[in-house]
Amino acid sequence: MNDQGRIPGRTEWEAAVLDGGPAHGVRMRVTDRPAVVQVTYPCELEGPAGGAQAEAVYVYRRDPRVRGEPLRYGIDRASP
């Protein structure tokens, strides 16, 4: 076992929910409690794109005060 009481090589999933922004209320499962979750949405392009794609990117940060499930990730208003 490691210092977090987990068995190495074994994946443990936790429920998480996004709070605010365009993905408000989305529920997911995460491993290792990532500090940041990135959500992308495809953008519609006008004119010749030559195969290029564009996506809107939103960053959600984990609320460190939440210790149990579901973990909460709030929209980072400073994200592009």
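Notes on the structure follow.

Parameters at a glance
- Residues numbered from 1 in each chain as written.
- Predicted model: local features only at pLDDT ≥ 70, side-chain atom pairs only at ≥ 80, totals over all residues.
- Heavy atoms only, no water.
- Helix = DSSP H or I, 4+ residues; strand = E, 2+ residues; numbered from the N terminus.
- Buried < 20%, exposed > 50% of the residue type's maximum accessible area, 1.4 Å probe, protein only.
- Contact = heavy atoms within 4.5 Å.
- Areas by Shrake-Rupley, 256 points an atom, 1.4 Å probe, with all protein chains shown as cover.
- Salt bridge = Lys/Arg side-chain N within 4 Å of Asp/Glu carboxyl O.
- Polar contact = N/O pair within 3.5 Å; in protein donor to acceptor, adjacent residues only side chain to side chain.

Some thoughts on the overall build of the protein chain
Argument step 1. Across its full length, the protein chain carries 0 helices and 5 strands.
Argument step 2. When the helices and strands of the protein chain are read in sequence order from the N terminus, they spell out β-β-β-β-β.
Argument step 3. Out of the 80 residues belonging to the protein chain, those deemed buried represent 24%.
Argument step 4. By sequence separation, contacts in the protein chain at least 24 residues apart represent 39% of the contacts at least 6 residues apart.
Argument step 5. A total of about 5,900 Å² of accessible surface is found on the protein chain, and carbon and sulfur atoms cover 48% of it.

A short note on the environment of leucine 45
Argument step 1. Among the structural elements, leucine 45 can be located in the loop between strand 3 (36-42) and strand 4 (55-62).
Argument step 2. In sequence terms leucine 45 and glutamate 55 are 10 residues apart; their C-alpha atoms lie 9.9 Å from each other.
Argument step 3. Setting aside anything within four residues of it in sequence, one finds leucine 45 in contact with Ala52, Gln53 and Ala54.

Structural notes on the pattern of salt bridges
Argument step 1. This model, assessed by the stated rule, comprises 4 salt bridges.
Argument step 2. As a salt-bridge pair, arginine 61 and aspartate 76 come within 2.7 Å of each other at their nearest N and O atoms. In this pair, arginine 61 sits in strand 4 while aspartate 76 sits in the segment after strand 5 (71-75), placing the two residues 15 residues apart along the sequence.
Argument step 3. According to the relative accessible area criterion, arginine 61 is partly exposed, its value standing at 44%.
Argument step 4. On the basis of relative accessible area, aspartate 76 is assigned to the buried category, the value being 16%.
Argument step 5. Of the charged contacts in the structure, one is a salt bridge between arginine 65 and aspartate 63, with a shortest N-O distance of 2.9 Å.
Argument step 6. Given a relative accessible area of 68%, arginine 65 falls into the exposed group.

Details of the side chain of glutamate 14
Argument step 1. Within the element layout of this structure, glutamate 14 appears in strand 1 (residues 13-19).
Argument step 2. Of note is the side chain of glutamate 14, whose polar atom sits 2.8 Å from the side chain of arginine 33.

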